[in-house]
Every structure is written in structure tokens, then in C-alpha cells.
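Here is how the chains run, residue by residue.
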Amino acid sequence: MNPTLRVAELKSLIAYHNHRYYTLDSPEISDASYDACLRELEFLEKQYPHLKTADSPTQYVGSAPKETFKKTPHSPPMLSLANAFNKAELDEFNLRVCELLAETSVEYVCEPKLDGLAISVVYAQGQLIRGATRGNGEVGEDITPNILTLQNLPKKLEGEAALLPTLELRGEVFIQKADFQKLNTLRAQQEEPLFANPRNAAAGSLRQLDARVVATRPLSVFLYEVANGKTFTSHLHKLQWMEAHGLPVNPLRSHAKGLEAVETAYQQLLQARGTLPYEMDGLVVKVDSTALRERLGEASKNPRWAVAYKFPSEEVETRVEDIQVGVGRTGVLTPFALLRPVMVGGARVSRATLHNEDELSRKDIQIGDWVFIRRAGDVIPEIIAPIPSRRTGLERPFSFPPLCPSCQAPVYRVPNQAITRCTGLSCPAQLSAKLCHFASRIAMNIEGLGEQRAEQLVASGLVKRLVDIYYLNFDKLAALPRMGEKNSQKLLAAIEQSKTCRLARFVFALGIHQVGEVTAKTLSATFQNMEALMQANFEELTQVHDVGPEVAREVLEHFANPNNRQLIGDFLAAGIAFVAENPANASGGHTLLGKRIVLTGTLSTMSREEAKAEIEKRGGKVTETVSAKTNWVVAGENAGSKLEKAKALGLHILDEQQLKHLLES
Ligand code: IVH
């Protein structure tokens, strides 16, 4: 294509998407696609310098501020960061820095790049007086009333900060992942449009005209720069000073003495990414020394002393090729989308769950739609939203089938719940899902009996009831397609081996509603044998630790069903036998069952080993790494980085005395 035309096209495309992103808080393309457009434009402007104009989006940041807020100029301007998308581009950044400074190695500070909205806040004599968005970098929006609602931002500073006539700080407002989910759930209930991602939720919330609405939004802020009012010799000193004055600064930062240390920090953060409570899109790498920063100065819109070393993009666009419905082991129908395969966060994704009928219609996803997808929690692919502007009119809305796609029995909507269930009593999809659960690693642990094999056994008629797997015949099994003699032998051996098992695994494998792994363990440890569990009445069941009336009713209902009783009798007749259960599992004394605890620092009245043993005796687990899954962090004397991380994650931190209380409770 003619470069003049392409440059014009890219400019208007970027301007359009800037408007959607910065002003409407409703992007239509992924960050990665946007970056690709911007880079192509930068490339063309470099090749054909006469095409570069002052109004090019490569020359300014973001877009014009919303008309409805008062404008406020930024001095110095709020700059943006250049990006490095890979190691080579980071090397390039470092090389340029070293060259410009005539140094061989430079010290950097690395910070997570939070995905939120940049703000500027001004304190006068320690009093918070103003807050603004970045806007176009030169002029932002005065959002002071909204900034005043930020819970973790002090409204009044003490000490030296209270003596400064003005102090202008810059930072990022963001929303934690869990709060984002809650906010969207609430919006769904109120039939309001959902936010596409935490960044948009934060930006959309902060730029609400009504501060009372902002106050209801769970926003947080981390500050990372001092723009006016005080100078520092290094970035680290600046952050420490802010911290010492009670200002919120991300504790996850590292001092990197040279390029290799930056790479290590990047890899560590990338690893920790899924466990942190907020979204990040990279690592910001900043020259530490203020004197060196001044020597480096700025290019048009980015400082030369910093770069955003971006993480691989996790949000991508793809097309919904079809929508189908799956049937789970309890007969619940779950719609899912078949997607044009794409790579998301390092995995190839071709399916995404659509949860249920309500979710599907709320998101308004149609067959043929272009959608944003994301791997939620880095595991299950999820469709965030369709892209309405890419609709052609040929999309087809999907309607839920009136009959089960597996057994053709009628389906029904459970009253007051977003659940559609198959009524079929011998539904093959339900049976194969039950079989798959029964054989799973955490249940009867039958290796080689996964989803596809289970479907095959059911479809071939070899398994009509779960117990049939214990009567499989080698010849019939080996005759199945893709099976062969060797696989048959292995599978039969695994099935045989599963006959001797712990009662808890068998109880869990039965797939009783609401009886998960932990409940199965406590039930088994309490009743010790199948017969006693089947005979247990409501009172006996509810006396079991962790078993409430709802679970008790499910257990009673399950064993009241003659088919289920018969099935258990048949399992025992087929040779299922139980190995002894550990009575300590009956959680009388199991006060820490399922809890994850991290010990850090030195304890004064017991050794770490003793503490670990006491915790484990009560069913708790002592782990080495602090993550969002950690329930408590016990901090002894001289606790170090684990304590910092726990604080950053907002975890419960206990001292030794509190640990003792916990052990005694
Ligand atoms: S420093 C002049 N540090 O990234 C340097 N920015 O693409 C200004 N951001 O506008 C930015 N976390 O909204 C810096 N630790 C961090 C950051 C950070 C997030 C955002 C900020 C900025 C954008 C630049």
C-alpha cells in the first residue's frame, strides 16, 4: 500500500481507538493490536520522515480530556513510557542509556507496571488539595472530589511533608482483580453494561461525574513519582521517603544493578503475575540516579531514562465459530463457544465457557461475533465481550435448546437459579461425566480413564452404570477404536488397582451434590465405614465438623435413593475394599483444615519445625511461598521479603502470640 495512504489510515485509526480507550473507557481492540498500529506508524514515519506531522498520535499521549471536567494543566507534563516488547528491545534501551551516559552499566529500579489510570495529586502544607487525570499529558481533568474518595490515599500528611508548600505526586489508580469481579457481578444484577477489564473499571470509575458513585467503587492507588515540591538524589530514596510519610507505594520493587538483574526481576514478576491481586502489564524499568536522569532527558513524549518492559499480551481477539452446549455430571447444561484458535498467554485456546444461559444473553454473544478473550486466572479461557463494531449483520443469536443435546430428554430451568438441567435418567453425557469424575486423580485415581475414554466407554455401551467398569472384558475393550491391547491391559490394571482405596476417595468419587474432597474426608473419618455413613441421620450428619444442614440433606437424599444404594452394594460386590481411615481426620481437632500458612522470621518460643508440626497436626499446610492463596503469614523477628509481599497482597499477618491463639482455638 502507498505509505502516504497507510499513514493517514493509521492516524485516523489510532485517533479513533484513543478516543474509545481514553475518553469513552470502552476499547474495541486489544492493547496488542493498538500497539501494533502505533509501531507500524512509527516505523513508516521513520522511513518517510516527511510524513511525520506534529498532530501524529506518535507525538502526543492519549486523547483530549472529557469535556465535562474542569481542565488542569500539568507542569511538568505527564509523560508516557516507551515500550520494550522483548529482551532484544530491552537490550536496545539499556544500550542507548549506557551510550548516552558513556557508562558500561547503569543501576535501575524495577516496579510492576500496574494496569490502571495515571493520576497526579497535589498536597499543600500536607493537605490533599487537588487530583487530576493525565488527559493528553499536557492538560488533564480535575477530579479532586473523586480522588478524595480513594481509601488508601492519606488526606493529610505529617512530618516534613506537612511543611512543604506544595508537593505534587504521580501514580496509578487501579482496581484489584477480586473487586473487579464483584463490581461486574453487581453491575450484571443491576443490568448495567459490564467493564471489559480492571483497567476500564478503574478508569470508568474514577471519571464518574458523581463522587458519591466513585466512593462506592473499590479503587486503590500506588504512587511512583514526585513531580514538584521536593527533589531526591535517587528514585529509591524518593520511594522510601514517600513510604515513610504514609503514602501508598508498591512494596514490590527491586534495585537492579545492571541489565541482567532487570531480566531476573522481569522473570520473577512474570512468574508471580497470576498470584498478585492486581493486574499488571509489565515491568517499569527506571534509571535510579536523578543526576543521570537529568542528563538523559526526554524524547518527544517519553523519558529516555525509563522503559515499560511489557508482558506478553493476555487479551486477544478472535471469532466465535459456533456455540454449543455441554452436559455435566449433575445434568447441568453449560454453553460454550468454539473459537477460531488463538494463542492467549502462551496457550492455544479454541473453546471458552459461556457459563449459563443468563450470562450468554447478558454478554450478548452471537455466533460469528468477534470477541475479546482472556485466560481467567491463567487457566480457563473466558470471553470478555463481543466487539459490536465488527458485526456484519450475518451473526446469529444462539437460543438454548429445549432438549438435552446428548439424550434428547426435555431440559428445564431450575426456578430462581441460572441453571438449566437435563431430565434424562440415562443420559450418556451425564454418565460419561460421572465416570470421568469417578476415575479422576483426586477420586479413584484410575489412570487412562479421562474425558474421551469415558465418553467412548459409554457410547460403545460397555458402561451403562459406573460399576460396569469393574466388569470390563479385555476382548471387548481391546476391540474399541484407538484402544489396542496395550492400552486395554494398562486400563484394566489401573481399574483393578483402584478397588483397594480409602473410603474418603470412594465417597468423593460418588459425586454426591455438595460433597467435595474435604467433606468426603471428614464424613469418612467420622463414620469410618460405608454402612454407617449410609445409615446416618440428619442429627448425626450435622454434628460432623463443617457439615451444615444443606450438605446433610444432600447426603440423606443421595442415600435414600434406592438406585444409589443398589449401586454401592454392587460396587462392594465387585470387590471395592477400603483401607483404614485416619480418625484424626475427623475434624474435631482439625481447626486449621485446608488453611495455608507461611512462617517467616524467627519465632521466640518455638522453632519453625515445631510450629510447622503443630499446624499440620491441625490439618493446616505450611508453605514456603506467599501467594493470594495464603490464609495467614506468621511474622517472627526479622521477617523479610515474605512479610513485604504479604503486605502488598493485603494478607492477614499474625505475630507469634496470635499464632498461639490460633493453635489453641
Ligand atoms: S512511570 C515519566 N511507573 O504506565 C514516567 N508508570 O505507559 C511516567 N504506569 O502513564 C510513568 N505503573 O499510567 C510509571 N510504576 C509505574 C507505573 C506506570 C503504571 C503507567 C502510567 C503511565 C503509563 C506509561
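One structure accompanies this document, and this report is about it. Being a predicted model, the structure only gives us computed values, none of them experimental.

### Observations regarding the overall build of the chain
Link 1 in the chain: Within the chain one finds 24 helices and 24 strands.
Link 2 in the chain: When the backbone C-alpha atoms are referred to their principal axes, the chain occupies close to 85 × 70 × 50 Å.
Link 3 in the chain: Counting over 665 residues, the chain shows a buried share of 49%.
Link 4 in the chain: Long-range contacts, defined as pairs at least 24 residues apart, comprise 67% of the intrachain contacts of the chain with a sequence gap of at least 6.

### Some thoughts on the sheet that holds strand β2 (residues 82-84)
Link 1 in the chain: Overall, mixed pairing links the 5 strands, which are arranged β2-β11-β10-β3-β9 in an open sheet. Whereas interior strands pair on both sides, the edge strands pair on one side only; in this sheet they are β2 and β9 (254-257). On average, adjacent strands in this sheet sit at an angle of 35° to one another, irrespective of strand direction.
Link 2 in the chain: Pairing analysis gives 7 bridges linking strand β3 (residues 107-114) to strand β10 (residues 280-287), with the strands arranged antiparallel. The residue of β10 that forms the bridge with K113 is G282.

### So, the packing of aromatic side chains
Link 1 in the chain: Taken as a whole and judged by the stated rule, the model has 13 aromatic pairs.
Link 2 in the chain: For the pair F398 and F400, a centre-to-centre distance of 6.3 Å together with 75° between the ring planes defines the contact as edge-to-face.
Link 3 in the chain: The buried category is assigned to F400, whose relative accessible area is 15%.
Link 4 in the chain: By the ring-pair criterion, three or more aromatic residues cluster together here, those being F438, Y470, F506, F571 and F578.
Link 5 in the chain: The ring of F336 has R351 lying over it, and the distance from NZ or CZ to the ring centre is 4.1 Å.
Link 6 in the chain: Positioned over the ring face of W370 is R390, at 4.1 Å from the centre of the ring.

### Points about the packing of helix α3 (residues 87-101) against helix α9 (residues 259-272)
Link 1 in the chain: Two elements in contact, α3 and α9, have axes whose closest approach is 11 Å; the angle formed by their N-to-C orientations is 140°. When the axes of α3 and α9 are compared, the crossing they make is right-handed. For the pair α3 and α9, the contacting residues are K87, L90, D91 and N94 in the first and L259, E260, V262 and E263 in the second.
Link 2 in the chain: Class assignment of the residues belonging to the contact of α3 with α9 gives a composition of 3 nonpolar, 1 polar and 4 charged.

### Observations concerning the sheet that holds strand β23 (residues 632-635)
Link 1 in the chain: Strand order in this open sheet of 4 strands is β22-β21-β23-β24, and the pairing throughout is parallel. Because the sheet does not close on itself, it has two edges, and the strands there are β22 (621-623) and β24 (652-654). For this sheet, the mean inter-axis angle between neighbouring strands, taken without regard to orientation, is 35°.
Link 2 in the chain: In the sheet, strand β21 (residues 596-600) pairs with β22 via 3 bridges, with the strands oriented parallel. The residue of β22 that forms the bridge with V598 is T623.
Link 3 in the chain: Sheet strands touched by helix α22 (residues 608-617): β21 and β22. Its angle to β21, the strand with the most contacts, is close to 170°.

### Brief notes about unusual backbone geometry
Link 1 in the chain: Of note, the bond from S75 into P76 is cis; its omega dihedral lies within 30 degrees of zero at -5°.
Link 2 in the chain: For D364, which is not glycine, the phi dihedral falls at a positive 55°.
Link 3 in the chain: Along the chain, the position of D364 falls in the loop between α11 (357-363) and β15 (370-376).

### Describing the site of the ligand
Link 1 in the chain: Among the 14 residues in the neighbourhood of the ligand, the closest are listed as E111, R134, E172, Y224 and K286.
Link 2 in the chain: The separation between a nitrogen atom of the ligand and a polar main-chain atom of L114 is 3.3 Å.
Link 3 in the chain: In the environment of the ligand, a nitrogen atom lies 3.4 Å from a nitrogen or oxygen atom belonging to the side chain of Y224.
Link 4 in the chain: For the shell around the ligand, the secondary-structure elements that each account for two or more residues are β3 and β10.
Link 5 in the chain: When residues of the shell around the ligand are assigned to their parent elements, the largest contribution, 4 residues, is made by β3.

### Things to note about the pattern of salt bridges
Link 1 in the chain: With the rule as written, the count across this model stands at 30 salt bridges.
Link 2 in the chain: D570 serves as the salt-bridge partner of R465, at 2.9 Å between the closest nitrogen and oxygen. You can see R465 sitting in the loop between α13 (451-459) and α14 (474-478) and its partner D570 sitting in helix α21 (residues 562-573), a full 105 residues away along the chain.
Link 3 in the chain: With a relative accessible area of 33%, R465 lands in the partly exposed category.
Link 4 in the chain: Between K499 and E496 there is a salt bridge, with its nearest N and O atoms 3.1 Å apart.
Link 5 in the chain: Residue E496 is classed as partly exposed on the basis of its relative accessible area, which comes to 48%.
Link 6 in the chain: A cluster of three or more residues bridged by salt bridges with shared partners is formed by E111, E225, K238, K286 and R293.

About the thresholds
Residues numbered from 1 in each chain as written. Predicted model: local features only at pLDDT ≥ 70, side-chain atom pairs only at ≥ 80, totals over all residues. Heavy atoms only, no water. Helix = DSSP H or I, 4+ residues; strand = E, 2+ residues; numbered from the N terminus. Buried < 20%, exposed > 50% of the residue type's maximum accessible area, 1.4 Å probe, protein only. Contact = heavy atoms within 4.5 Å. Pairing = 2+ DSSP bridges. Axes fitted to C-alpha atoms, helices over the stretch in contact; angles between N-to-C directions. Phe/Tyr/Trp six-rings, centres within 6.5 Å; stacked < 30°, edge-to-face > 60°. Lys NZ or Arg CZ within 6 Å of the ring centre and 35° of its normal. Left-handed = near helix turned anticlockwise from the far one by under 90°. Nonpolar A, V, L, I, M, F, W, Y, C, P; charged D, E, K, R; others polar. Near = heavy atom within 4 Å. Polar contact = N/O pair within 3.5 Å; in protein donor to acceptor, adjacent residues only side chain to side chain. Salt bridge = Lys/Arg side-chain N within 4 Å of Asp/Glu carboxyl O.

Everything listed is a geometric property; what it means functionally is a separate question.
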